[in-house]
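As a plain string of letters, each chain reads:
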Amino acid sequence: MSGKTKKASVICVLLLAALLGRAESTDAAVVVFDRVTSVGKPLFVKVVTRGLVFSKGGRRVSIRIDKEPAHDTLSGADGAAFMKYHPERPGVRTVTAVSEGEEGSGTILVLAPQESVIVIGIEGGLQKSLFPEESRRIAQEVVGDLSRTYRLVYLTRWIGAGLVKDWLEKHQFPGSVVLRWRDERVFKQMENSGVRVE
């Protein structure tokens, strides 16, 4: 087997494994995106309903924040459903969305006017601590110390938010919202929501 063939085979196996892993995770084919805002700054909660591979539109979605009454809506052709939320007090809110018996959850971090956040890049900031025990222990201490003064926002580019949250919990890092990094617009959105980044 040539080097190119071997490389192509490895890529195919990895893609297949990723698809199979996604297929197992589609039991919860409702994805709720984490958000950050400040008191008095409304935001749109975003939920996406997914099929086995693609987003699945035209589904009834029931969205609930903490114990507040549920808001019913329909997902669009792209699978996205939205709910406008007006935060009145600071804290962490749990968002639960249910569609056709499938459920997903996410987090909204609402900041008081005097609070600010520290942004931690998962792939860049914590990747060195993913495996070596000593590096992970040091990272846990540093992130734990930061969380006593600031609110935390985790950014991820390639790893899914659910996997990041599971990893943080398993390795006893402080939990918080996990935002998807697309480009610098993520910082502009936080700024427009009254969020101060240190």
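Residues numbered from 1 in each chain as written. Predicted model: local features only at pLDDT ≥ 70, side-chain atom pairs only at ≥ 80, totals over all residues. Heavy atoms only, no water.

Asker: Even after reading the chapter, I still don't get a nonpolar patch on the surface, so can you show me in this structure?
Answerer: Together, Leu52, Val53 and Phe54 line one region of the surface with nonpolar side chains, adding up to about 350 Å² of accessible area. On the secondary structure map, phenylalanine 54 appears in the loop between β3 (43-49) and β4 (60-65). (Patch = residues over 30% accessible without salt bridge, like charges linked within 9 Å, V, L, I, M, F, W, Y side chains within 5 Å. Areas by Shrake-Rupley, 256 points an atom, 1.4 Å probe, with all protein chains shown as cover. Salt bridge = Lys/Arg side-chain N within 4 Å of Asp/Glu carboxyl O. Helix = DSSP H or I, 4+ residues; strand = E, 2+ residues; numbered from the N terminus.)

Asker: How should the nonpolar core be read in this particular structure?
Answerer: Taken as a class, soluble globular proteins show a tendency for nonpolar side chains to be buried jointly. Of all hydrophobic cores here, the largest spans 15 residues; its most connected members are Val45, Val47, Ile63, Tyr85 and Ile108. Other than its neighbours up to four places away in sequence, isoleucine 108 contacts Arg35, Leu43, Val45, Ile65, Tyr85, Gly91, Val92, Arg93, Val95 and Val177. Counting residues in hydrophobic clusters, the runner-up holds twelve residues, among them Leu152, Val164, Leu168 and Phe173. (Core = buried A, V, L, I, M, F, W, Y, C linked by side-chain atoms within 4.5 Å. Buried < 20%, exposed > 50% of the residue type's maximum accessible area, 1.4 Å probe, protein only. Contact = heavy atoms within 4.5 Å.)

Asker: Hey, could you run me through the sheet that holds strand β10 (residues 151-156) in this one?
Answerer: Sheet strands line up and pair through hydrogen bonds in the backbone, either parallel or antiparallel. With parallel pairing, the four strands of this open sheet are ordered in space as β11-β10-β9-β12. This sheet does not close on itself; its edge strands, each paired only once, are β11 (177-180) and β12 (196-197). As paired elements, strand β9 (residues 116-121) and β10 share five bridges and run parallel to each other. Residue pairing for β10: glycine 121 is matched across the bridge by leucine 155. (Pairing = 2+ DSSP bridges.)

Asker: What should I look at first to understand the side chain of arginine 59 in this one?
Answerer: For arginine 59, the position within the fold is in the loop between β3 and β4. Overall, the relative accessible area of 2% leaves arginine 59 in the buried class. At a separation of 3.4 Å, a polar atom in the side chain of arginine 59 contacts the side chain of glutamate 100. What arginine 59 contacts, discounting residues up to four positions off in sequence, is Ala29, Thr49, Arg50, Thr73, Leu74, Ser75, Ser99, Glu100 and Glu102. (Polar contact = N/O pair within 3.5 Å; in protein donor to acceptor, adjacent residues only side chain to side chain.)

Asker: Would you explain unusual backbone geometry in this entry?
Answerer: Note: most residues except glycine have negative phi, and most peptide bonds are trans. Residues other than glycine seldom take positive phi values, yet glutamate 100 does so here, at roughly 50 degrees. Mapped onto the elements of the fold, glutamate 100 is located in the loop between β7 (91-99) and β8 (102-111). Classification of glutamate 100 as exposed rests on a relative accessible area of 55%. One non-glycine residue with positive phi stands out, namely glutamine 172, at about 60 degrees. Within the secondary structure, glutamine 172 sits in the loop between α4 (161-170) and β11. Of the residues examined, glutamine 172 reaches a relative accessible area of 69% and is grouped as exposed.

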